[in-house]
Amino acid sequence: MAAPRARASWLQNGVWSFRPEGTRRTALIHVPSHWTHGACFRYPRAWEAVRRGTYERSLRLPGFAADRLCRVRFEAVMLRCDVFLDDVRIGGHAGGFTPFTCEIPAALWRTHAGDTARLRVEVESAHAAFVAAGVTHMVGYPDASEEGPLPGGIWQSVWLETLPRCHISGWHVRYDHARHEAAFQIELANGTGRRFAGEAVMSGGRRAQRLHLAIPANVAAGGRMVASGRLRLPPALRPWSPRDPRLYELELSLVAAGEEQDCLPIRVGFRSTAVRGRDLLVNGVPTRLFGISLIRHRVAPYLWRRDYLECYFGALRSLGFNALRLHAAIAPDIVLRVADEMGLMLIDQSAIWSTLVGGYTAAGQSFLENTKREFGEWVRRDRNHPAVVAWDV
């Protein structure tokens, strides 16, 4: 088989230029962070009242390739933003907790290939959700609560990435404990001008745990499809559980005429959940959740750090806890990744805060449509984490 058509990504975190609304003066700001919650970064106290701000930094683009796409991926921006590259709008997003991407137009990429362009992100804080008609987005705690002002900022990581125009756009796995089988769904997007005919392949594992599943795939030019298949897992492969949080490094690939068109590394924990009467079954075993609520992860930078989370979750496990409720806000992805690794079961909670119900109700259809979209983004991001055993809306 030919060498894989590798994806590439470059982290854009660090110090950016920032201009709060109402001034022409720029300052320095850390990405990721909220400008409203920057005591640890020594941000001016006056920024707590700022509702809009503009971020800028230079972005070095890779060499141009017509059969690839180049995009900027944001893991979360609070709450609404528009994204520009050299004053050309390349995208935007509304909703403060979920990831999104902005594709760089091919002509713009070609112009700046191997050179720098200016990335500008105009951000409105969570105040943008509060309009005369009501509250249009879930935001977590209200203003002036125990978490302080409503947050605003690029508060999760930013990446520049390239990948093939015909690529794997998503995936999902469901584990059947009784049969020791897994059902895979591999989502494909074909952004080229020609049909893709080949296979979507899942593979990986070592020796007695080796996995391989090839699913026929036929995607029209400009089209999308979901390739679905099942396989019986090897007896030596063990499911994920709180006592034994087994995770497997696998690969999804697109193959046509013996050539690998795309390759996406994934991490899988095979785990089933079900409810029988009053019992929660994890891999068929009645399981009780003993835990506490995680709070402040919407605004506290230390809860976005792997080292802190490993220390904190390790302390919880040493005290006999096996679960955590992600309280009042959709948590950063790193929280779920560390929970997967440490066997900590999660109640994955949305950012719909009860005391704002009047505002949500007043916003009516606007709130419902925004929430439906944001819930879709949330579930797509979190659905493959074995630690998530319950969803709390």
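In this text, all values refer to a predicted model and were calculated from it rather than measured experimentally.

**Some remarks on the overall build of the protein**
Here comes step 1: Assigned secondary structure in the protein consists of five helices and 28 strands.
Here comes step 2: Projected onto the principal axes, the alpha-carbon positions of the protein cover approximately 65 × 55 × 40 Å.
Here comes step 3: Expressed as a percentage of its 393 residues, the buried residues of the protein come to 52%.
Here comes step 4: Taking contacts inside the protein between residues at least 6 apart in sequence as the whole, the part at least 24 apart equals 69%.
Here comes step 5: Only carbon and sulfur atoms are counted for the fraction: they give 51% of the accessible area of the protein, which is about 18,000 Å².
Here comes step 6: Placing the 50 positive and 38 negative side-chain charges of the protein at their respective mean positions leaves the two points 2 Å apart.

**Quick notes on the packing of aromatic side chains**
Here comes step 1: Inspection of the entire model under this criterion finds 21 aromatic pairs.
Here comes step 2: Seen in terms of ring centroids, Phe 18 and Trp 47 are 5.0 Å apart; in terms of plane orientation they differ by 65 degrees. Their pairing is edge-to-face. Here Trp 47 lies in the loop between β3 (27-31) and β4 (52-60) and Phe 18 lies in strand β2 (residues 14-20), a separation of 29 residues in the sequence.
Here comes step 3: Owing to a relative accessible area of 0%, Phe 18 belongs among the buried residues under this scheme.
Here comes step 4: Among the aromatic side chains, those forming a connected cluster through ring pairs are Trp 16, Phe 18, Trp 35, Phe 41, Tyr 43, Trp 47 and Tyr 55.
Here comes step 5: Taking the ring centre of Phe 84 as reference, the NZ or CZ of Arg 120 above it sits at 4.2 Å.

**Observations regarding the sheet that holds strand β23 (residues 279-282)**
Here comes step 1: The strand order β22-β23-β24 describes an open sheet built from three strands, whose pairing is antiparallel. The open sheet is flanked by β22 (273-276) and β24 (285-287), the only strands paired with a single partner. Sheet twist, expressed as the mean angle between neighbouring strand axes with direction ignored, is 40 degrees.

**Points about the state of the cysteines**
One way to say it: the disulfide is the covalent bond shared by the sulfur atoms of two cysteines.
Here comes step 1: Enumeration according to the criterion identifies zero disulfides in this entry.
Here comes step 2: Considering cysteine sulfurs only, Cys 102 is the nearest to Cys 70, which forms no disulfide, with 12 Å between them.

**Here we look at the environment of Tyr 55**
Here comes step 1: Examined against the element boundaries, Tyr 55 turns out to sit in strand β4.
Here comes step 2: Of note is the side chain of Tyr 55, whose polar atom sits 3.2 Å from the backbone nitrogen of Ile 154.

**Some details on the pairing of β2**
Here comes step 1: Pairing between β2 and β3: five bridges, direction antiparallel. Its bridge partner lying in β3, Val 15 is registered against His 30.
Here comes step 2: If you look at the hairpin formed by β2 and β3, you'll find six residues sitting between the two strands, and Gly 22 has a positive phi there, around 85 degrees.
Here comes step 3: Pairing of β2 with β4, which is carried by four bridges, proceeds in the antiparallel orientation. In the strand pairing of β4, Ser 17 is matched with Glu 56.

**Description of the side chain of Asp 340**
Here comes step 1: By the element assignment, Asp 340 lies in helix α3 (residues 333-342).
Here comes step 2: Among the residues examined, Asp 340 registers a relative accessible area of 2% and is labelled buried.

**A short note on the sheet that holds strand β15 (residues 166-176)**
Pairing between sheet strands relies on hydrogen bonds along the backbone, with the strands arranged either parallel or antiparallel.
Here comes step 1: Read across the open sheet, the three strands follow the order β15-β16-β19; overall the sheet is antiparallel. In this open sheet, the two edge strands, each paired with only one partner strand, are β15 and β19 (224-232). Averaged over all neighbouring strand pairs, the angle between strand axes comes to 20 degrees, with direction disregarded.
Here comes step 2: One ladder, built from 10 bridges, connects β15 with strand β16 (residues 181-190); its direction is antiparallel. By the bridge assignment, Trp 171 is partnered in β16 with Ile 186.

**Remarks on helix α5 (residues 365-382)**
Here comes step 1: Here α5 contains 18 residues, and its C-alpha end-to-end distance of 25 Å stays within 8% of the 26 Å for a straight helix at 1.5 Å per residue.
Here comes step 2: Of all the residues in α5, the buried ones are Phe 367, Asn 370, Thr 371, Glu 374, Phe 375, Glu 377, Trp 378, Arg 381 and Asp 382. Taken around the axis of α5, the buried residues stretch over an arc of 165 degrees, which confines them to a single face. Those residues of α5 that are exposed and angled more than 90 degrees off the buried face are Gln 365, Leu 368 and Lys 372.
Here comes step 3: Elements in contact with the buried residues of α5: β8 (88-94), β12 (134-135), α3, β27 (345-349), α4 (357-363) and β28 (388-392).

**Considering unusual backbone geometry**
Here comes step 1: That bond from Val 31 to Pro 32 is cis: its omega, 10 degrees, falls within 30 degrees of zero.
Here comes step 2: Relative to the elements of secondary structure, Pro 32 occurs in the loop between β3 and β4.
Here comes step 3: That bond from Met 78 to Leu 79 is cis: its omega, 0 degrees, falls within 30 degrees of zero.
Here comes step 4: Mapped onto the secondary structure, Leu 79 falls in the loop between β6 (77-78) and β7 (80-85).
Here comes step 5: With a phi angle near 45 degrees, Arg 207 is a residue other than glycine that sits in the positive phi range.
Here comes step 6: Here Arg 207 lies in the loop between β17 (196-204) and β18 (211-219).

**Quick look at the environment of Leu 303**
Here comes step 1: Among the structural elements, Leu 303 can be located in the loop between β25 (291-294) and α2 (306-318).
Here comes step 2: It is 35 Å that separates the C-alpha atoms of Leu 303 and Val 226, two residues lying 77 residues apart in sequence.
Here comes step 3: Setting aside residues no more than four positions away along its own chain, Leu 303 makes contact with Leu 294, Ile 295, Arg 296, His 297, Tyr 308, Leu 309, Tyr 312 and Val 335.

Rules of the game
- Residues numbered from 1 in each chain as written.
- Predicted model: local features only at pLDDT ≥ 70, side-chain atom pairs only at ≥ 80, totals over all residues.
- Heavy atoms only, no water.
- Helix = DSSP H or I, 4+ residues; strand = E, 2+ residues; numbered from the N terminus.
- Buried < 20%, exposed > 50% of the residue type's maximum accessible area, 1.4 Å probe, protein only.
- Contact = heavy atoms within 4.5 Å.
- Areas by Shrake-Rupley, 256 points an atom, 1.4 Å probe, with all protein chains shown as cover.
- Lys, Arg positive; Asp, Glu negative; His and termini not counted.
- Charge placed at Lys NZ, Arg CZ, Asp CG, Glu CD.
- Phe/Tyr/Trp six-rings, centres within 6.5 Å; stacked < 30°, edge-to-face > 60°.
- Lys NZ or Arg CZ within 6 Å of the ring centre and 35° of its normal.
- Pairing = 2+ DSSP bridges.
- Axes fitted to C-alpha atoms, helices over the stretch in contact; angles between N-to-C directions.
- Disulfide = S-S within 2.5 Å.
- Polar contact = N/O pair within 3.5 Å; in protein donor to acceptor, adjacent residues only side chain to side chain.
- Expected span 1.5 Å × (residues − 1).
- Arc of directions from axis to C-beta.

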